[in-house]
Amino acid sequence: MRARAPTITPLPCENIVSVVTIENVTKTYGSYTAVSDLSLSVPAGSLYGFIGPNGSGKTSTIRMILRIIHPDQGRISVLGDDSASAANDQVGYLPEERGLYKKLSVRRMLQYYAALKSMPRAEANEAIDHWLKRFELESWANKKIESLSKGMSQKVQFIASAISNPKILILDEPFSGLDPVNTEVIRSAVLEMQRRGTTILFSTHDMGTAEKMCDFVFMIFRGEKVLDGTLDEIKATYGADSIRLRWEGTPEQLNSIREVERVIDMGGFQEIQTNGDSRRVLSQLVEMANVSLFEITQPSLHDIFIRIAGPEVLEASREEEEVQA
Amino acid sequence: MNKVLAVAKYEYLIAVTSKAFLLGVVMMPVFMGGAIVVQYLTRDQVDLTARKIAVVDKTGRLFDVIEQQNKIRNEFEIFETDEDGGEPRQTRAEFSIERVEPESDEEELGIRLSDRIRSNELFAFAVIEEDVFDPSKQATVRYYSQTPSYQTLPNWIERVVNGEVKRERTEQLGLSNEDVLSLARTVPTRTFGLIERDGEVKEENRVLTFMVPFGGLMLMFMMVMSVAPAMLNNVLEEKMQKISEFLVSSVTPFQLMLGKLFGAVGVGLTLSTIYLGAAYGMARYFEIDDRIPFTLYLWFAFFVLLALVIFGSIFSAIGAACSEIRDAQSLMTPVMLLVIIPMMCMAPILDSPSSTFSRAISLFPPATPMLMFARIAIPPGPALWEIVLAVILTALFAAGCVWAAGKVFRVGILSQGQAPSFAKLVSWVLTK
């Protein structure tokens with residue numbers, strides 16, 4: 001079963017300049033379709049969540065935006081430039097799989113990365129000093145990377161991607177493997193860059209993190225778009241009809257209620273989608289069994305994803321992840 | 001181009017400031033110089049223990065001569081005096097000769113003498129057969145020892161016996177010793193370059209005419225072997241350490257490969273300059289610098305550049321295509337064969353640089369840089385059209401290697417898992 005894109009109307013973005021535009025892009029590897037007929041638009045200055053389970057096509061899409069790989073079909077425009085000839089100095093990138101030159105000093109390595117972004121030496125040194133101070137790493141500037149702790153290395157990796165003060169910063173699973181303290185440090189730095197005008201394209205499989213941080217959300221599953229819009233708009237579309245229920249009755253009893261359209265068992269509670277008056281649902285439930293929780297909620301992104309793709313699809317996705325692991 | 005230069009500058013500086021490079025540059029002359037110094041210092045460290053030899057002279061006419069010659073040797077030939085005078089010092093071992101009469105049971109005599117050698121009473125014994133003066137007989141001098149590696153003593157015995165045998169044979173023919181020397185005097189052959197109408201003809205130095213092409217070829221081989229496999233390791237290491245993806249988000253894979261190639265070529269040229277400079281210095285010291293034309297240095301620089309571009313791009317493509325060193329090693333094997341072809345063809349080319357084989361193999365582009373240089377270094381050198389053709393073919397081949405390596409690099413640098421087959425690599429090259 002393949003997830004279908006819901007009928008969410010694209011955002012009215014007439015006043016928003018798009019920094020990344022993808023139109024009908026398809027990318028295949030042999031017989032495997034990584035990205036299928038994908039279209040999206042990243043508004044300038046936004047914190048754009050690019051979410052989906054592992055193996056859904058996020059990294060392939062990011063690599064196409066960066067011109068590391070090229071689409072088989074479709075068009076990609078970055079900052080108005082759709083030439084596929086060169087990587088863009090205005091785009092910073094923190095890949096999911098990260099590595100550093102262990103034998104180099106922190107400053108020397110950052111100078112090299114800045115040079116690759118065509119930064120003049122003096123400007124690069126200024127930026128390096130700023131970021132090392134920001135992350136309290138000044139005393140480590142001339143130490144070799146191999147002497148840094150894991151947390152410090154992760155900060156240096158972030159600095160490397162942000163050193164050129166890019167107009168677009170693409171972060172692929174930026175919090176993966178970070179402890180809570182370093183997660184907060186990086187999160188704060190990301191938000192600071194956004195406030196300064198950098199557009200953040202934030203790729204993650206952790207929908208909770210995306211929900212907390214992002215203005216816009218684009219959800220991809222098995223190479224196809226399943227959600228696209230602002231968080232508020234997505235929740236407004238999916239939110240009003242959700243009820244969280246904890247009670248002593250059975251799922252069969254729930255399905256017997258005419259207003260109940262769908263029941264998702266979340267373990268500790270059930271999530272119910274209705275097509276009618278929730279008061280009528282409550283009155284029927286109370287007649288059937290004891291109710292300990294009845295809450296009308298907006299669904300989380302995770303809930304919405306399950307609703308769109310179906311729990312069995314999520315299960316299949318987990319299996320795919322396990323196979324990949 | 002700026003990004004290519006940024007990568008090249010980084011790669012070059014990292015390489016030439018590394019301890020490995022500095023040690024390599026400094027240590028090689030140190031090792032070579034050290035070997036000369038050690039040889040000089042140990043030249044007099046010879047075993048001066050006296051050697052006693054028993055001689056069974058079945059002719060009955062040679063022992064006295066041997067004993068007399070040994071007296072002369074022990075008195076004069078085993079001592080040397082320094083150029084600045086001073087006391088003579090012994091530099092060779094003294095011999096002592098013991099007469100042993102032949103016996104009817106030769107085998108028993110041989111066993112007894114062998115036992116004396118085993119008990120260190122004797123160093124060796126020699127049996128001079130009865131018919132050594134008769135040229136029609138195949139008579140020999142048999143030398144017995146338990147240290148066959150020591151050749152000084154048997155060589156001396158041979159020389160003394162043969163000298164006396166020759167003298168006696170010539171006497172029988174009625175010739176004087178002077179007559180014999182006159183008859184035996186050889187006519188030396190001296191080799192020269194061609195005579196110019198207005199130029200000075202120079203006598204050829206045989207050692208030099210061998211050493212220049214041989215040394216140049218070896219140096220070029222060393223440059224390729226120091227630089228190209230290092231490129232493979234460099235690319236593979238970046239891939240294994242997950243640095244590559246970050247790099248190709250800032251530069252295109254082709255720019256990255258080209259930058260690395262330029263950096264590596266720079267390292268190779270730096271090394272070459274250092275070693276050629278040292279070679280030139282030595283040539284000047286020994287006053288043979290005028291025998292090595294300056295254009296030869298330029299040809300070396302040009303061909304080493306092409307060799308580094310060819311093999312550097314191929315090795316970097318292999319590094320990009322593989323994810324593990326083990327996989328890279330199996331792909332390297334056929335390329336290594338290309339690298340060592342010139343080494344295998346060196347002898348026939350030095351022997352006959354203008355043969356059909358030499359011409360053909362020196363126009364095979366992967367081998368051209370080393371072999372065409374060797375041919376140019378051997379006077380009179382190949383025809384101009386051969387050099388021009390070699391330059392064109394090799395330059396085109398080098399450009400093709402860079403282009404194909406760029407294609408493989410682009411696909412391979414982000415690929416993971418098993419190393420691609422040769423057919424897969426070809427399909428990567430042909431991918432648009």
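Residues numbered from 1 in each chain as written. Chains lettered and ligands numbered in written order. Predicted model: local features only at pLDDT ≥ 70, side-chain atom pairs only at ≥ 80, totals over all residues.

Turning our eyes to something else, we now look at the overall build of chain A. In terms of helices and strands, chain A carries eleven helices and 13 strands. Considering only intrachain contacts with a sequence separation of at least 6, the fraction spanning at least 24 residues in chain A is 72%. (Helix = DSSP H or I, 4+ residues; strand = E, 2+ residues; numbered from the N terminus. Contact = placed C-beta atoms within 7 Å.)

In terms of regular secondary structure, chain B is built from 15 helices and six strands. Radius of gyration (C-alpha) of chain B: 32 Å, far over the 22 Å computed for a compact globule of 432 residues. Overall, chain B is about 95 × 65 × 50 Å in size when its C-alpha atoms are taken along their principal axes. Per-residue burial over chain B gives 31% buried out of 432 residues. Restricting to contacts in chain B with at least 6 residues of sequence separation, those with at least 24 account for 73%. (Rg over C-alpha atoms; globule rule 2.2 N^0.38 Å. Buried ≥ 20, exposed ≤ 12 C-beta atoms within 10 Å, placed from the backbone.)

Attention now moves to the sheet that holds strand β2 (residues 32-43) of chain A. All names here are of chain A. Pairing in this open sheet of three strands is antiparallel, and the strands run β2-β1-β4 from one edge to the other. The sheet is open, and its two edges are formed by β2 and β4 (73-78), each paired on a single side. Mean inter-strand twist for the sheet, computed between neighbouring axes without regard to direction, equals 15°. As judged from the five bridges shared by strand β1 (residues 18-29) and β4, these two strands associate in the antiparallel manner. In the sheet register, I22 faces β4, and the bridge partner there is I76. (Pairing = 2+ DSSP bridges. Axes fitted to C-alpha atoms, helices over the stretch in contact; angles between N-to-C directions.)

The next thing to look at is helix α3 (residues 121-134) of chain A. Each full turn of the α-helix corresponds to 3.6 residues, which orients residues three or four apart in the same direction. Residues and elements named next belong to chain A. The end-to-end C-alpha distance of α3, which contains 14 residues, comes to 20 Å, matching closely the 20 Å that a straight helix rising 1.5 Å per residue would cover. All of the buried residues in α3 are A124, I128, W131 and L132. The arc enclosing the buried residues of α3, seen along the axis, measures out at 100°, which places them on a common side. Along α3, exposed side chains directed more than 90 degrees from the buried face belong to A122, E126 and K133. Where α3 is buried, its residues meet α2 (106-116) and α4 (150-162). Of the residues trailing α3, E136 is marked for its positive phi of about 55°. (Expected span 1.5 Å × (residues − 1). Arc of directions from axis to C-beta.)

The subject of this paragraph is unusual backbone geometry. All names here are of chain A. You will see that D37, though not glycine, has its phi angle at about 45°, which is positive. Backbone geometry places E173, a non-glycine residue, at a positive phi of 50°. Residue position: E173 is located in the loop between β6 (168-172) and α5 (180-195).

It is worth spelling out the sheet that holds strand β4 (residues 95-100) of chain B at this point. Residues and elements named next belong to chain B. Taken in spatial order, the four strands make up an open sheet running β4-β1-β5-β6, and their pairing is mixed. Either end of the sheet is taken by a strand with one partner, and the two such strands are β4 and β6 (141-145). Neighbour-to-neighbour, the strand axes of the sheet open up by a mean angle of 20°, direction not taken into account. For strand β5 (residues 124-128) and β6, the ladder comprises five bridges, and the chain directions are antiparallel. Bridging from a neighbouring strand, F125 pairs with Y144 of β6. The strands touched by helix α3 (residues 63-77) within the sheet are β1 (51-57) and β4, with β4 carrying the most contacts at an inclination of about 165°. Along the sheet, helix α5 (residues 152-172) contacts β1, β4, β5 and β6; its crossing angle with β6, the most-contacted strand, is approximately 160°.

Take the interface of chain B and chain A next. Taken together, the 16 residues of chain B in the interface contact 17 residues of chain A. Grouping the amino acids of the side of chain B that touches chain A by side-chain chemistry returns eight nonpolar, five polar and three charged. (Nonpolar A, V, L, I, M, F, W, Y, C, P; charged D, E, K, R; others polar.)

Attention now moves to the pairing of strand β9 (residues 224-230) of chain A. All names here are of chain A. Strand direction decides the pairing type here: strand β8 (residues 216-221) and β9, joined by six bridges, are antiparallel. Among the inter-strand pairings, F216 is bridged to a residue of β9, identified as T230. Between β8 and β9, which pair antiparallel in sequence order, lie two residues; one of them, R222, sits at a positive phi of approximately 50°.

This part takes up the packing of helix α13 (residues 368-377) of chain B against helix α14 (residues 384-412) of chain B. Residue and element names in this part refer to chain B. Between α13 and α14, the shortest axis-to-axis distance is 11 Å and the interhelical angle comes to 165°. The orientation of α13 relative to α14 falls into the category roughly antiparallel. Relative to α14, the crossing made by α13 is left-handed. Residue-level contacts link T368, P369, M372 and I376 of α13 to I387, A390, L393 and T394 of α14. When its residues are assigned to classes, the contact of α13 with α14 shows six nonpolar, two polar and no charged. (Parallel < 35°, antiparallel > 145°, perpendicular 65-115°, else oblique. Left-handed = near helix turned anticlockwise from the far one by under 90°.)

Looking now at the environment of L285 of chain A. Residues and elements named next belong to chain A. If you trace the backbone, L285 turns up in helix α9 (residues 278-288). For L285 and L254, which are 31 residues apart along the polypeptide, the C-alpha to C-alpha distance reads 7.8 Å. What L285 contacts, discounting residues up to four positions off in sequence, is W247, G249 and V291.

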